[in-house]
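Coordinate analysis (summary)
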Amino acid sequence: MLYLCNFKHKKSKTLKMRTLEAFALSLFLVFLVKWVNSDSSSSPSKDQFLSCMSTHSDSSFINPKSFIHKPDSRVYTDFSQSLISQNYRFLTLNFTSQKPILIVTPRTDTEIQRSLLCSRKLGVKVRTKSGGHDYEGLSYLSLHSPFIILDLVNVRSIEINLADETAWVGAGATIGELYYKIAKSSKIHGFPAGTCPSVGVGGHFSGGGFGAMMRKHGLAADNVVDARFVDANGRIYNSRREMGEDLFWAIRGGGAASFGVVLSWKVKLVRVPEKVTCFRRNLPLTQNMTKIVHRWQQIAAELDDNLFIRVIVSISGGSVQTTFQANYLGGIDKLIPLMNQKFPELGLTFQDCSEMTWIDSIMYFNWKKGQPLETLLDRGQRYNDLYFKAKSDFVKNPIPEIGLEGIWTRFHEVESPIMIMEPLGGKMYEIGETETPFPHRRGNLYNIQYMVKWRLKDIGVMEKHVTWMRLLYRYMRVYVSASPRGAYLNYRDLDLGMNRGVNTSFEDAKLWGFRYFGSNFKRLAIVKGKIDPTNFFRNEQSVPPLIV
């Protein structure tokens, strides 16, 4: 669908037909690009969009009504209701209740091109959705109207090539679908991405992509080796060579939605052992928990890069507890001596550990141990009937015990707080801070994700939890990175700052941009100025163009 593979030669008649179809498509795109640049005095509407999509259509084009969904359609209704019910906080806290005029679910490059060109012509903004997990809803919500949702749910083919240990992945696929396809193809290959299988690769890869193998193999974005991309003019770049190294650099950690639409990613698969070891060790507050967490901070980033141990802080039984969750690329026989030497304070035993395949470790980390692998294909996994607010930090020096105790105290003030601390080190330190837009490399011990959840759809309850989160974030400022205080794009946080529309300047956007990207933000803005100088691809936290 997105690329050619296993190409077979056809009869000359078929080749001539394809040549004519390609020529017709080229003429249409030239016409539409010129039309986009002409003036339009009328206000855009659903019917105008459909009319534009049908312009100069011929038998080679699919009927737009097959993939464009109006508000009275079942697809639109189901999609809209699910997102609004799950993201009440977004609509109440950050946005007025704007809805898309249409939802577009393209299957082909041509349908994506035409959707973008017609949006430009009619002055309609575009929200590109891969998995729909944007923490602030920017892949499907907008402060301004009109806009469409370009939902890539049908652009998710996956082709594994074990000969060169790579895979082409459609931008609408989920990481669970990628994991499943790899596991069905090989027992010795994997991919270093996240632990939530319903997250779309489009946002995950383009924002960086933390995962349980990042200390061994880096971020998901670090393992992207090629991509296919379409810009605001409908031009398709079929490789990194065509798009150039600057743009290819930008979309691997800088948020591709600021620059255009990625059609597919080519990723490098990694070798995994036939057995890996996982453990989960829960510590209540009474069992020297604070001292053990403090010790973890000192050693987690310096351990063998085959070992990833993260700490999850939560409330259980009315009190704070920590869960040490680990993935080791090897057997128990090597893990236990390593833990006894480097982290004896945790008191790990053989009974705490389980050996399994790499794909089973994905299930383990997703709290799905023992369930069928087909669970990875469920795109609907998310926080059902829950609302949440999240933030992030990077820690450069161990938080003192008194600082940790202050966190525990604050955790007792709300019902469902979570804090996840994930160590860096290993491969994350080997890659320079400017090699990709993700700058949080050497010098950072670990990342923190804060999250608070609630169930009641009530403004007062929402304000209580969001205020709690902001106060915790304020409390943490003396213990985390500074100048700038780092943040992770895939844990998006509009509290850091928002764009003011099409004319947002680079200087204005630096308020939040340097938090995510450090000094890389200027290079991102220069790339934006070259590929999208009119700022067509924009949202409340997109990179603004910097023309130099």
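Analysis parameters
Residues numbered from 1 in each chain as written. Predicted model: local features only at pLDDT ≥ 70, side-chain atom pairs only at ≥ 80, totals over all residues. Heavy atoms only, no water. Helix = DSSP H or I, 4+ residues; strand = E, 2+ residues; numbered from the N terminus. Contact = heavy atoms within 4.5 Å. Areas by Shrake-Rupley, 256 points an atom, 1.4 Å probe, with all protein chains shown as cover. Buried < 20%, exposed > 50% of the residue type's maximum accessible area, 1.4 Å probe, protein only. Pairing = 2+ DSSP bridges. Axes fitted to C-alpha atoms, helices over the stretch in contact; angles between N-to-C directions. Parallel < 35°, antiparallel > 145°, perpendicular 65-115°, else oblique. Left-handed = near helix turned anticlockwise from the far one by under 90°. Nonpolar A, V, L, I, M, F, W, Y, C, P; charged D, E, K, R; others polar. Disulfide = S-S within 2.5 Å. Arc of directions from axis to C-beta. Core = buried A, V, L, I, M, F, W, Y, C linked by side-chain atoms within 4.5 Å. Polar contact = N/O pair within 3.5 Å; in protein donor to acceptor, adjacent residues only side chain to side chain. pLDDT = per-residue confidence, 0-100.

1. Details of the overall build of the protein chain
Helices and strands together make up the secondary structure of the protein chain, namely 18 helices and 18 strands. The long-range share in the protein chain, meaning contacts at least 24 apart out of those at least 6 apart in sequence, stands at 74%. Counting only carbon and sulfur atoms, one obtains 50% of the accessible surface of the protein chain, whose full area is about 22,700 Å².

2. Quick word on the pairing of strand β14 (residues 319-328)
Of all the 10 residues making up β14, 9 are buried; the element is thus mostly covered by neighbouring parts of the structure. Pairing geometry for strand β13 (residues 307-316) and β14, over 10 bridges, is antiparallel. Note that in β14 the partner of phenylalanine 308 across the bridge is asparagine 327. Turn length for the β13-β14 hairpin, with the two strands adjacent in sequence and antiparallel, is 2 residues, and the turn residue glycine 317 shows positive phi of about 65°.

3. Observations concerning the sheet that holds β13
Taking strand neighbours across the sheet as the criterion, the 7 strands line up as β15-β12-β14-β13-β17-β18-β16 in an open arrangement whose pairing is antiparallel. Of all strands in the sheet, those with a lone pairing partner are β15 (353-356) and β16 (387-395), marking the two edges. Averaged over all adjacent pairs, the angle separating strand axes in this sheet is 15°, with direction ignored. Where β16 lies against strand β18 (residues 446-454), 9 bridges are found, and the strand directions are antiparallel. Residue pairing for β18: tyrosine 387 is matched across the bridge by tryptophan 454. Lying over the sheet, helix α11 (residues 289-299) contacts β12 (276-284), β13, β14, β17 (416-423) and β18, oriented at roughly 35° with respect to β14.

4. Thoughts on the packing of helix α2 (residues 46-54) against helix α5 (residues 109-122)
The description of two helices packed together rests on the angle between their axes and the distance between the axes. Between α2 and α5, the shortest axis-to-axis distance is 9 Å and the interhelical angle comes to 130°. In terms of orientation, α2 and α5 fall into the oblique class. Once α2 is placed against α5, the crossing between them reads as right-handed. On α5, the residues touching Gln48, Phe49, Cys52, Met53 and Ser54 of α2 are Glu111, Arg114, Ser115, Cys118, Ser119 and Leu122. Residues belonging to the contact of α2 with α5 are distributed by class as follows: 5 nonpolar, 4 polar and 2 charged.

5. Considering the state of the cysteines
Tallying each qualifying case throughout the model produces 1 disulfide. Between the sulfur atoms of cysteine 52 and its disulfide mate cysteine 118 the distance is 2.0 Å. On the sign convention where negative is left-handed, the bridge of cysteine 52 and cysteine 118, at about -90° about the S-S bond, is left-handed. In this pair, cysteine 52 sits in helix α2 while cysteine 118 sits in helix α5, placing the two residues 66 residues apart along the sequence. Here cysteine 52 falls in the buried class, since its relative accessible area comes to 1%. In this model cysteine 278 remains outside any disulfide bridge; the closest cysteine sulfur is found in cysteine 353, 9.3 Å from its own. Residue classification places cysteine 278 among the buried positions, given a relative accessible area of 0%.

6. What about the packing of helix α14 (residues 401-411) against helix α16 (residues 459-475)?
Packing of α14 against α16 brings their axes to within 11 Å, and their N-to-C directions diverge by 175°. Our classification of the angle between α14 and α16 gives roughly antiparallel. Contact residues: α14 offers Ile402, Gly403, Gly406, Ile407, Arg410 and Phe411, while α16 offers Trp468, Leu472 and Tyr475. In the contact of α14 with α16, the residues fall into 6 nonpolar, 2 polar and 1 charged.

7. A closer look at α2
Restricting attention to buried positions, one finds in α2 the residues Phe49, Leu50, Cys52 and Met53. Along the axis of α2, the buried positions cluster into a sector of 160°, meaning they face one direction only.

8. Thoughts on the nonpolar core
Among the nonpolar cores identified, the biggest contains 155 residues, and Ile251 and Phe324 are the most heavily contacted of them. In this view, phenylalanine 324 contacts Phe279, Arg280, Arg281, Leu283, Ile292, Val293, Trp296, Ile309, Arg310, Val311, Phe343 and Leu346; residues no more than four positions away in its chain are not counted. Core analysis: the second largest hydrophobic core is formed by 7 residues, Phe79, Ile103, Tyr140 and Ile149 among them.

9. A word on the side chain of threonine 323
Summarising the element assignment, threonine 323 is placed in strand β14. By relative accessible area, which is 5% here, threonine 323 ends up buried. Of the polar contacts made by the side chain of threonine 323, one reaches the side chain of asparagine 282; its length is 2.7 Å. In this structure, threonine 323 is in contact with Arg280, Arg281, Asn282, Arg310, Val311 and Ile312, ignoring residues within four places of it in sequence.

10. Focus: the confidence of the model for the protein chain
Averaged over every residue, the pLDDT of the protein chain is 88; the share at 70 or more is 86%. Between residues 1-42, whose pLDDT stays under 50, and residues either more than four places distant or in other chains, the model counts 53 contacts.

11. Comments concerning the sheet that holds strand β5 (residues 158-161)
One open sheet accounts for 5 strands, arranged β5-β6-β10-β8-β9; its pairing is antiparallel. The outermost strands of the open sheet, each flanked by one partner alone, are β5 and β9 (236-237). One ladder, built from 5 bridges, connects strand β6 (residues 166-170) with strand β10 (residues 261-268); its direction is antiparallel. By the bridge assignment, glycine 170 is partnered in β10 with serine 264.

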